[in-house]
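The primary structure of each chain is shown beneath.
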Amino acid sequence: MTGDLFEGLPDLNPRQIHLADGAVLLRGFAGEVDRVLLCAVEEVIAQAPLRHLVTPGGYRMSVSMTCCGRLGWVSDRSGYRYDPIDPASGQAWPAIPAVFTEMARNAASQAGFESFTPDTCLINCYEPGSRLSLHQDRHERDVVAPIVSVSLGLPAVFLFGGMHRSDRPQHYRLTHGDVAVWGGPARFAFHGIAPLADGHHPMLGRRRINVTFRKAS
Ligand code: SIN
Ligand code: FE2
């Protein structure tokens, strides 16, 4: 079910869906640069391979992840943190590809957040059944900068809730090229991804790749 079909007043721009104050879904915003974005994703993965992190509670995450940027988001038995070093290699994370930064900045600006300069980029890889339970992004020091999140490959159901875990989330279908941006009053909105349905995407096969930009320091 796609929640945006049921949200009352139509949006002025049907490609720009209002999720909440400070949160917008830019339909197809990254569609024209999908190939270059995916090439850049492959380059990052070649240097910092995807891995299934373990939560502080000891669960293996169903989404595999890697990072680029000055800081990378990591999770292990000791907790969640941003780390300048990839624990798998002992090296710094790969730099954020220029095409990523440009796309993220343009999307943020389109959503009303000027001069966004991410210093961390998380690449999430979903396979059928992978999910990300409702959470807030709250390990970043910079809470003024928005979060920019790009969807590639198989469609997913995005759960976008309120400021409390108990707020019932709306459901939105995210497809290849869609970009969600949230910040300001929506910066700490709970969000997640429902278990990925199986399917075949012409560029990514049975996978969904999500690339999320933040300013962590
Ligand atoms: C995230 O919350 O880090 C990822 C969301 C998504 O996969 O769209
Ligand atoms: Fe998140």
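To keep things clear, this report deals only with the structure shown in the data block. (Residues numbered from 1 in each chain as written. Chains lettered and ligands numbered in written order. Predicted model: local features only at pLDDT ≥ 70, side-chain atom pairs only at ≥ 80, totals over all residues. Heavy atoms only, no water.)

1. A word on the coordination of the iron ion (ligand 2)
Thought 1: The protein atoms donating to the iron ion (ligand 2) are His135 (NE2), Asp137 (OD) and His191 (NE2), with metal-donor distances spanning 2.1 to 2.3 Å.
Thought 2: With four donor atoms in place around the iron ion (ligand 2) and angles of 89 to 175° between them, the coordination shape is irregular.
Thought 3: Positions of the donor residues of the iron ion (ligand 2) along the chain correspond to the pattern H-x1-D-x53-H. Taken together, the residues His135 in strand S9 (residues 132-135) and His191 in strand S14 (residues 191-193) connect sequence positions 56 residues apart.
Thought 4: Note on His191: relative accessible area 5%, which makes it buried. (Donors = N, O, S within 2.8 Å, 3.2 Å for Na, K, Ca; no water. Tetrahedral: all angles 85-135°; square planar, octahedral: opposite > 155°, others 65-115°. Helix = DSSP H or I, 4+ residues; strand = E, 2+ residues; numbered from the N terminus. Buried < 20%, exposed > 50% of the residue type's maximum accessible area, 1.4 Å probe, protein only.)

2. Remarks on the sheet that holds S9
Thought 1: With respect to topology, four strands assemble into an open sheet ordered S9-S14-S11-S12, the strand pairing being antiparallel. The open sheet has two edge strands, S9 and strand S12 (170-174), and neither has a second partner. Neighbour to neighbour, the strand axes of the sheet diverge by 20° on average, direction disregarded.
Thought 2: Alignment of strand S11 (residues 156-160) against S14, held across three bridges, turns out to be antiparallel. Its bridge partner being in S14, Phe158 is matched across the sheet by Ile193. (Pairing = 2+ DSSP bridges. Axes fitted to C-alpha atoms, helices over the stretch in contact; angles between N-to-C directions.)

3. Topic: the pairing of strand S5 (residues 79-83)
Thought 1: Note that strand S4 (residues 72-76) and S5 share five bridges and pair antiparallel. The partner of Ser75 across the bridge, within S5, is Tyr80.
Thought 2: Where S4 folds back onto S5 in an antiparallel hairpin, the turn is made up of two residues.

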